[in-house]
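Each chain, letter by letter, is given below.
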Amino acid sequence: MACTEEEFTELLAGEVHIDMDKLIAISRHGIPDKVRPEVWKYLLGISKIDKSEEERVKKQQQQDYKEIDKNDSEITKRIRAHLKRYHVYHRDRQSSSSSNNNGNDNRIKVDFQSVDNRNKIENILISYINYTNDIDYSFEMLAILGPFIATLQSESDIFYCFVSMMKIIEENLSKESLPSKLSRFIMYFRSVLPELFSHFEEEEINSNEWATNWIQNYLSCELPIECVLRLWDTYLSANIGLDLHLFVCLAILTNFSEELLELEHSEILSFLQHLPGIDMDQIIAQAYNIRDDIRANNEL
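Reading the values: the criteria
Residues numbered from 1 in each chain as written. Predicted model: local features only at pLDDT ≥ 70, side-chain atom pairs only at ≥ 80, totals over all residues. Heavy atoms only, no water. Helix = DSSP H or I, 4+ residues; strand = E, 2+ residues; numbered from the N terminus. Buried < 20%, exposed > 50% of the residue type's maximum accessible area, 1.4 Å probe, protein only. Contact = heavy atoms within 4.5 Å. Domains from an automatic or database assignment. Buried area = accessible area lost by both parts, 1.4 Å probe. Salt bridge = Lys/Arg side-chain N within 4 Å of Asp/Glu carboxyl O. Nonpolar A, V, L, I, M, F, W, Y, C, P; charged D, E, K, R; others polar. Phe/Tyr/Trp six-rings, centres within 6.5 Å; stacked < 30°, edge-to-face > 60°. Lys NZ or Arg CZ within 6 Å of the ring centre and 35° of its normal. Axes fitted to C-alpha atoms, helices over the stretch in contact; angles between N-to-C directions. Parallel < 35°, antiparallel > 145°, perpendicular 65-115°, else oblique. Left-handed = near helix turned anticlockwise from the far one by under 90°. Core = buried A, V, L, I, M, F, W, Y, C linked by side-chain atoms within 4.5 Å. Arc of directions from axis to C-beta.

A. Highlighting the environment of Met141. Here Met141 lies in helix H8 (residues 139-151). The buried category is assigned to Met141, whose relative accessible area is 2%. The spacing of Met141 and His87 is 54 residues in sequence and 14 Å in space, taken between C-alpha atoms. The contact partners of Met141, leaving out residues within four places of it in the chain, are Leu125, Tyr128, Ile129, Ile135, Asp136, Phe162 and Met166.

See below:
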């Protein structure tokens, strides 16, 4: 059961330190929008739990970020081209997504093409390339950055949260490569939803046309942004972390299986690339159930 904003605020107001065990425990059930920026910084290790160190570390981070080179005309061109593509994923989603929370409107409106956001995105991604040195820019970076642009205001905070998230993703991929994850997901899909899997085969739906992006970008493009943020609350705080993602994808397919069975090739791909709003609490709970069922059948 999700905790209230007041419960989070009380926990965050600790004078000496933050009780991370409790913060992690309550975050996995969803974080209220107003406190999510602060909570995510703790979950990602950007803010220090020792309050006496907090201000000094924050100033040091701001100074360090300021000193990173943020100029690269070639990467800027690529980012701007990709930003148009990313914007298409989320354009008009606010008006078409359903909040599925007893009629309350929890939709989050973010203009990723505004001058302010575009400048932040370019600065952060170029900084990241220069900060890491041994990595090339890709659209996947923009996809992972998007939820942080929607959540935090400070450019340096967004940068360090993004760096931390990319490290978590890299560590997860070091345990199992993307091709291996994709192969395992397809195996689960065939087992859990055989009728829908057969329908996709009949309609000649190639997994590379949708599943690769679902898995690689953690649904940051395909879901309405408020659904992504709720999902990532759990990914950043649950013990299973990003390992839950394949089962979330299966839960989403299960939830929309009836609709998908009625669609043809191009309609299926369009649906999978622009998912409607959905109750993420329900999806996450279902993901755990699917994981337990697969484990019980010795398929995990």
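B. Fine view of the domain arrangement of the protein. When its domains are assigned, the protein resolves into domain 1 (5-57), domain 2 (68-94 + 109-171) and domain 3 (176-298). Domain 1 and domain 2 are separated by 24 Å when their C-alpha centres are compared. Each partner contributes residues to the interface: domain 1 has 6 residues there, and domain 2 has 10 residues. For the domain 1 and domain 2 pair, buried surface summed over both sides reaches about 700 Å², with 80% attributable to carbon and sulfur atoms. Looking at the side of domain 1 facing domain 2, the largest losses of area belong to Trp40, Leu44 and Ile46, adding up to 67% of the total buried there. At the boundary of domain 1 and domain 2, one finds 1 salt bridge. Measuring nitrogen to oxygen at the nearest pair gives 3.1 Å for the salt bridge that ties Asp157 to Lys41. Its residues assigned to classes, the side of domain 1 that touches domain 2 shows 4 nonpolar, no polar and 2 charged.

C. Molecular detail of the packing of aromatic side chains. Enumeration according to the criterion identifies 18 aromatic pairs in this entry. Measuring from centroid to centroid gives 6.3 Å for Tyr218 and Tyr235, while their planes differ by 75°, and the two rings are edge-to-face. Taken as a pair, Tyr218 in the loop between helix H12 (211-216) and helix H13 (225-237) and Tyr235 in helix H13 lie far apart in primary sequence, 17 residues in all. In terms of burial, Tyr218 and Tyr235 fall into one category: buried. By the ring-pair criterion, three or more aromatic residues cluster together here, those being Phe185, Phe189, Phe197, Phe200, Trp210 and Trp214. Note that Lys70 overlies the ring of Tyr65, its terminal NZ or CZ placed 4.1 Å from the centroid.

D. Here's a closer look at the pattern of salt bridges. Following the criterion strictly, the structure yields 11 salt bridges and no others. Two residues, Glu122 and Arg80, come together in a salt bridge whose shortest N-O distance is 2.6 Å. With Glu122 in helix H7 (residues 115-132) and Arg80 in helix H5 (residues 73-90), this residue pair connects regions lying 42 residues apart in the sequence. Since its relative accessible area comes to 7%, Glu122 is described here as buried.

E. Just the side chain of Asn172, in detail. Positionally, Asn172 belongs in helix H9 (residues 155-175). Once you skip the residues sitting within four places of it in the chain, Asn172 turns out to touch Lys181, Tyr218, Leu242 and Asp243.

F. Layout of the packing of H7 against H8. Between H7 and H8, the least distance of the axes is 11 Å, while the angle of their chain directions is 125°. If you check the angle between H7 and H8, you find them oblique. As H7 packs across H8, the resulting crossing turns out to be right-handed. Contacts from Asn117, Lys120, Ile121, Ile124, Leu125, Tyr128 and Ile129 in H7 reach Met141, Leu142, Leu145 and Ile149 in H8. When its residues are assigned to classes, the contact of H7 with H8 shows 9 nonpolar, 1 polar and 1 charged.

G. Structural view of the nonpolar core. Counting residues in hydrophobic clusters, the biggest one holds 104 residues, and the most contacted among them are Phe148 and Trp210. Setting aside anything within four residues of it in sequence, one finds Phe148 in contact with Trp40, Leu44, Ile158, Cys161, Phe162, Met165 and Trp232.

H. Up close: helix H1 (residues 5-12). Among all positions in H1, only Phe8, Leu11 and Leu12 are buried. Around the axis of H1, the buried residues are gathered within 95° of arc, so they sit on the same side. Within H1, the exposed residues directed more than 90 degrees away from the buried face are Glu6 and Glu10. Of the surrounding elements, those touching the buried residues of H1 are helix H2 (20-27), helix H3 (36-43) and helix H4 (51-66).

I. Geometry of the packing of helix H10 (residues 178-192) against helix H14 (residues 245-255). Running from amino to carboxyl end, H10 crosses H14 at an angle of 35°, the nearest separation of the two axes being 10 Å. Between H10 and H14 lies a crossing whose hand is right-handed. On H14, the residues that touch Lys181, Arg184, Phe185, Tyr188, Phe189 and Val192 of H10 are Leu246, Phe247, Cys249, Leu250, Leu253 and Thr254.

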